[in-house]
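So you can see what is in the structure, the chains are spelled out below.
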Amino acid sequence: MYVPEHFVPDEASIRDLLTNHGASDLITPTPQGLLATLLPFEYDPDAGEHGALIGHMARGNDQWRQPVQGEAMVIVRGPEAYVTPSWYPTKEEHHRVVPTWNYMIAHVYGQFVVHDDPVWIEAQIRRLTDRHETGNAEPWSVDQAPAKFVERQLRAVVGVEVVISRVEAKFKLSQNQPRENVEGVIAGLEARGRADDDAVAAAVRAHNPHGTAS
């Protein structure tokens with residue numbers, strides 16, 4: 001991944017992205033070529049030296065059966081948004097500005113492990129469900145479903161894990177812009193209100209190299 005110095009996140013920010021992301025792309029190099037599946041993962045910081053991403057996929061998905069030739073990769077994304085140069089005050093001074101895209105991303109590499117074990121899978125599903133149900137007025141839990149139904153569902157999936165060997169991350173959040181442009185981006189995102197705009201505005205503010213925007 002190409003990561004200019006401005007956009008290198010610290011370790012705490014990377015851990016936060018891995019902990020709080022949504023669904024991510026699991027990519028494995030196989031004899032059939034590259035295979036990919038979008039999966040919701042949980043980050044387990046205590047697995048192995050660098051942690052692991054754990055999830056599950058449909059048993060009918062052939063990706064888990066294919067031998068992995070080298071490392072697997074998971075592409076973990078945070079919120080993202082289009083940035084118009086109209087938000088840059090410097091545009092009025094010299095017009096040497098262009099549109100860009102702000103985003104947070106991590107390429108997570110590691111060993112691909114399959115867990116064809118109902119106990120492991122159930123624990124992973126409970127952990128994943130509990131995280132995403134938190135904050136709901138009436139959180140759903142696995143225990144609300146009939147036990148026999150849950151057993152059938154567990155047999156229909158397999159557990160997957162990527163034991164992390166390395167992470168390449170990039171947080172492109174206008175850090176290369178002067179203070180007035182960064183503040184213009186924050187204000188523009190907050191005013192526009194498209195999907196992810198508020199989250200990206202908060203990220204730009206949190207990673208503002210000039211300090212807190214006014």
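Refer to the structure printed above.
Before going into details, it helps to say that this report is about the structure given with it. (Residues numbered from 1 in each chain as written. Predicted model: local features only at pLDDT ≥ 70, side-chain atom pairs only at ≥ 80, totals over all residues. Heavy atoms only, no water.)

**Regarding the sheet that holds strand 6 (residues 100–115)**
The antiparallel open sheet is built from seven strands, whose spatial order is 2-1-5-6-7-4-3. The open sheet has two edge strands, strand 2 (33–40) and strand 3 (42–44), and neither has a second partner. Here the average twist between neighbouring strands, direction ignored, is 35°. Running over the sheet, helix 1 (residues 11–20) touches strand 3, strand 5 (72–83), strand 6 and strand 7 (157–172) and is turned about 145° from strand 7. (Pairing = 2+ DSSP bridges. Helix = DSSP H or I, 4+ residues; strand = E, 2+ residues; numbered from the N terminus. Axes fitted to C-alpha atoms, helices over the stretch in contact; angles between N-to-C directions. Contact = heavy atoms within 4.5 Å.)

**Comments concerning the pairing of strand 1 (residues 23–30)**
Here strand 1 pairs with strand 2 via eight bridges, running antiparallel. Each bridged residue has a counterpart across the sheet, and for Pro-29 the counterpart in strand 2 is Leu-34. Linkage of strand 1 to strand 2, two consecutive antiparallel strands, is achieved through a turn of two residues. Both strand 1 and strand 5 contribute to a ladder of three bridges, which runs antiparallel. Bridge pairing in strand 5 places Leu-26 opposite Val-74.

**Here's the deal with helix 1**
Those residues of helix 1 lying buried are Ser-13, Ile-14, Leu-17 and Leu-18. End-on, the buried residues of helix 1 take up no more than an arc of 135°, which puts them together on one face. Along its buried surface, helix 1 packs onto strand 3, strand 5, strand 6 and strand 7. (Buried < 20%, exposed > 50% of the residue type's maximum accessible area, 1.4 Å probe, protein only. Arc of directions from axis to C-beta.)

**Structural notes on the environment of Val-157**
Summarising the element assignment, Val-157 is placed in strand 7. Taking the relative accessible area as the measure of exposure, Val-157 reaches 13% and is therefore buried. Residues Val-157 and Pro-79 lie 78 residues apart in sequence; the distance between their C-alpha atoms is 29 Å. With residues near it in sequence (within four places) discarded, Val-157 still touches His-56, Met-57, Ala-58, Arg-59, Ile-121 and Ile-125.

**A short note on unusual backbone geometry**
Glycine aside, residues mostly have negative phi, and peptide bonds are mostly found in the trans state. The backbone of His-95 shows a phi angle near 60°, a positive value even though the residue is not glycine. Inspection of the secondary structure puts His-95 in the loop between helix 2 (91–94) and strand 6. Looking at His-95, the relative accessible area reads 52%, which means it is exposed. Phi at Ser-174 is positive, roughly 65°, even though this residue is not glycine. Residue position: Ser-174 is located in the loop between strand 7 and helix 5 (179–192).

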